[in-house]
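# Observations on the three-dimensional arrangement
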2 protein chains.
Amino acid sequence: MTDEELLALARAEARVGLSEGGIPIGAALAHEGRVLGVGHNKRVQLGSAIRHGETDCLENVGRLPASVYAGSTIATTLSPCDMCTGAILLYGIPRVVVGENRTFYGGEDLLRARGVEVVVLDDAECIALMESFIAGNPELWNEDIGEPPDTLDAPR
Amino acid sequence: MTDEELLALARAEARVGLSEGGIPIGAALAHEGRVLGVGHNKRVQLGSAIRHGETDCLENVGRLPASVYAGSTIATTLSPCDMCTGAILLYGIPRVVVGENRTFYGGEDLLRARGVEVVVLDDAECIALMESFIAGNPELWNEDIGEPPDTLDAPR
C-alpha cells in the first residue's frame with residue numbers, strides 16, 4: 001500500500017465527516033501495509049473534545065501492543081494538532097503521512113525532532129476540503145484548534 | 001478551591017478507576033475555582049487507546065470555548081504523557097497540577113517551554129497508588145505508556 005493509497009482512505013473518512021455535518025479531517029492507520037482502521041473528527045457528531053481524525057482512528061483500532069505501533073504508518077488529511085502529535089509520540093508511531101499543512105501547521109517539527117518521519121503530500125483535494133470548510137465555518141474550526149472564535153485561521 | 005482540593009478530586013477518580021479494574025489515573029478540570037468535570041483512565045474499561053485521565057476529563061466536560069480553557073486548571077494524579085500534554089497545549093490550559101512524577105515523568109518540560117505553569121505536589125497517596133499498580137500490572141502499565149510489555153518502568 002502506498003502513502004497515497006493510505007491517504008485516500010483518510011480522505012474518504014474526511015468526506016464521511018463532512019457528510020455528517022462534521023469537520024472534514026480523517027485518518028487511517030496501517031501496519032506493514034495492512035490497514036488496521038480509520039477514523040475522522042467527531043467534534044460535532046459526538047460533542048467530542050478529543051475525537052480528532054488521528055485520535056478517533058487510534059480509538060477505533062483499539063488497544064495495540066507497542067510492537068504493532070512501532071511498525072505502523074498513520075495518514076492524516078491535515079497536519080496533526082498538538083494533541084494528535086502527542087498521541088503519535090506516545091505510541092511511537094514512526095511514520096506520519098500528512099495530506100496537507102497549508103491550512104494548518106501542527107506538530108510536524110516536534111515529530112521530526114523526536115525521530116518521526118513526516119511525509120507531506122500537499123494533496124489538492126485535502127487542501128480544497130479544508131479551505132472550503134474553514135471559509136464556511138470559521139468559529140467551529142477555531143474551536144477545534146483551541147482558538148477563540150474570532151481568531152484568524154492563520155497557520156501556527 | 002486549592003490545588004490540593006482539585007487534586008483530591010482527581011485522586012478520587014483514580015480510585016474509581018482502580019475499583020473498576022482499570023489503571024488508577026484521574027484528572028479534574030476547574031475554571032476560576034469551579035469544577036467543570038472529572039475523568040479517569042479507561043483503557044481497560046472501554047478498551048480505549050485515548051481515554052487517559054486527562055483526555056477522559058476533557059471529553060466528559062465536553063466542548064468548551066477557548067476562553068474557558070484559558071482560565072482553567074487541570075489536575076492529574078500523574079505527570080501527563082505526550083498525548084495528554086498535547087491536549088493541554090491544544091486547548092491552551094495555562095495551569096497543570098500534577099499529583100506526582102516519580103513513577104512516570106511525562107511532558108512537563110514541553111509544557112513549561114510553551115508557557116504552561118506546572119505545579120508538582122509530590123502527593124504520597126498518588127505515588128502509592130501508582131507504585132502498587134505498576135508492581136502488580138507491569139504489562140498493562142507499559143501498554144498505557146506505549147512501551148513493550150517487558151520494558152522496565154523507568155521514568156522517561
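In this report, the structure presented in the accompanying data block is examined. Keep in mind it's a predicted model, so treat the numbers as computed, not measured.

### A closer look at the overall build of chain A
Tallying secondary structure elements over chain A gives eight helices and five strands in all. When its helices and strands are written in sequence order, chain A yields α-β-β-α-α-α-β-α-β-α-β-α-α. On C-alpha atoms alone, chain A measures out to a radius of gyration of 14 Å, which is about the 15 Å that the 2.2 N^0.38 rule sets for 156 residues. Counting only C-alpha atoms, chain A reaches 45 × 30 × 25 Å along its principal axes. Considering only residue pairs separated by 6 or more positions, chain A has 53% of its internal contacts joining residues 24 or more positions apart. For chain A, the accessible surface area stands at approximately 5,800 Å², while carbon and sulfur atoms represent 52% of it. Each charge sign in chain A was given a centre, from 12 positive and 24 negative side chains, and these centres are 6 Å apart.

### Remarks on the relation of the copies chain A and chain B
Between chain A and chain B, the superposition needs a rotation of 180° and an axial shift of 0.0 Å, giving an RMSD of 0.0 Å. Such a turn and shift between the copies fits a two-fold axis. Most of the interface of chain A is mirrored in chain B, where 97% of its interface residues are also at the interface.

### A look at the nonpolar core
Of all hydrophobic cores here, the largest spans 70 residues; its most connected members are Leu58 and Trp141 of chain A together with Leu58 and Trp141 of chain B. At seven residues, the largest contribution of residues to this core is made by helix 5 (residues 82-91) of chain B.

### Quick word on the interface of chain A and chain B
Between chain A and chain B, the contact holds 34 residues from the first and 33 residues from the second. For the chain A and chain B pair, buried surface summed over both sides reaches about 2,700 Å², with 58% attributable to carbon and sulfur atoms. Interface area lost by chain A to chain B is led by Ile50, Arg63 and Leu90 of chain A, which between them contribute 27%. Summed over the shared surface of chain A and chain B, the result is four salt bridges. Linking chain A to chain B there are 16 residue pairs in polar contact (both at pLDDT 80 or more). Where the side of chain A that touches chain B is concerned, the elements lending two or more residues are helix 2 (43-46), helix 3 (53-61), helix 4 (66-69), helix 5 (82-90) and helix 8 (138-144) of chain A. Among the elements that line the side of chain A that touches chain B, the one with the most residues is helix 5 of chain A, at six residues. Taken together, the residues that form the side of chain A that touches chain B break down as 17 nonpolar, seven polar and ten charged.

### As for the pairing of strand 2 (residues 34-40) of chain A
Residue and element names in this part refer to chain A. Strand direction decides the pairing type here: strand 1 (residues 26-31) and strand 2, joined by six bridges, are antiparallel. Within the sheet, the bridge partner assigned to Gly26 lies in strand 2 and is His40. Counting the residues between successive antiparallel strands, the hairpin from strand 1 to strand 2 contains two residues, one of them, Glu32, with a positive phi of roughly 50°.

### With respect to the packing of helix 5 of chain A against helix 5 of chain B
Where helix 5 of chain A contacts helix 5 of chain B, the two axes come as close as 7 Å, and the packing angle between them is 175°. Taken together, helix 5 of chain A and helix 5 of chain B sit at an angle that is classed as roughly antiparallel. Mapping the contact onto sequence places Asp82, Met83, Gly86, Ala87, Leu89 and Leu90 of chain A in helix 5 of chain A and Asp82, Met83, Gly86, Ala87, Leu89 and Leu90 of chain B in helix 5 of chain B. The class makeup of the residues in the contact of helix 5 of chain A with helix 5 of chain B is eight nonpolar, two polar and two charged.

### Structural notes on the sheet that holds strand 4 (residues 95-100) of chain B
To summarise the sheet geometry, strands pair through backbone hydrogen bonds and adopt either a parallel or an antiparallel arrangement. All names here are of chain B. What the five strands build is an open sheet, ordered 2-1-3-4-5; its pairing is mixed. Each of the sheet's edge strands pairs with one partner strand only, and the pair in question is strand 2 (34-40) and strand 5 (117-120). Taken over all neighbouring pairs, the strand axes of this sheet differ in orientation by 15° on average, direction set aside. Of the strands in this sheet, strand 1 (26-31), strand 2, strand 3 (72-78), strand 4 and strand 5 touch helix 1 (residues 3-19), which is tilted by about 45° from strand 3.

### Regarding helix 1 (residues 3-19) of chain A
Residues and elements named next belong to chain A. Here helix 1 contains 17 residues, and its C-alpha end-to-end distance of 24 Å stays within 8% of the 24 Å for a straight helix at 1.5 Å per residue. Those residues of helix 1 that fall on the buried side of the exposure criterion are Asp3, Leu6, Leu7, Ala10, Arg11, Glu13, Ala14 and Gly17. Around the axis of helix 1, the buried residues are gathered within 155° of arc, so they sit on the same side. A positive backbone phi angle near 90° is found at Gly21, which sits one or two residues after helix 1.

The rules behind each value
Residues numbered from 1 in each chain as written. Chains lettered and ligands numbered in written order. Predicted model: local features only at pLDDT ≥ 70, side-chain atom pairs only at ≥ 80, totals over all residues. Heavy atoms only, no water. Helix = DSSP H or I, 4+ residues; strand = E, 2+ residues; numbered from the N terminus. Rg over C-alpha atoms; globule rule 2.2 N^0.38 Å. Contact = heavy atoms within 4.5 Å. Areas by Shrake-Rupley, 256 points an atom, 1.4 Å probe, with all protein chains shown as cover. Lys, Arg positive; Asp, Glu negative; His and termini not counted. Charge placed at Lys NZ, Arg CZ, Asp CG, Glu CD. Least-squares fit on C-alpha atoms with pLDDT ≥ 70 in both. Core = buried A, V, L, I, M, F, W, Y, C linked by side-chain atoms within 4.5 Å. Buried < 20%, exposed > 50% of the residue type's maximum accessible area, 1.4 Å probe, protein only. Buried area = accessible area lost by both parts, 1.4 Å probe. Salt bridge = Lys/Arg side-chain N within 4 Å of Asp/Glu carboxyl O. Polar contact = N/O pair within 3.5 Å; in protein donor to acceptor, adjacent residues only side chain to side chain. Nonpolar A, V, L, I, M, F, W, Y, C, P; charged D, E, K, R; others polar. Pairing = 2+ DSSP bridges. Axes fitted to C-alpha atoms, helices over the stretch in contact; angles between N-to-C directions. Parallel < 35°, antiparallel > 145°, perpendicular 65-115°, else oblique. Expected span 1.5 Å × (residues − 1). Arc of directions from axis to C-beta.

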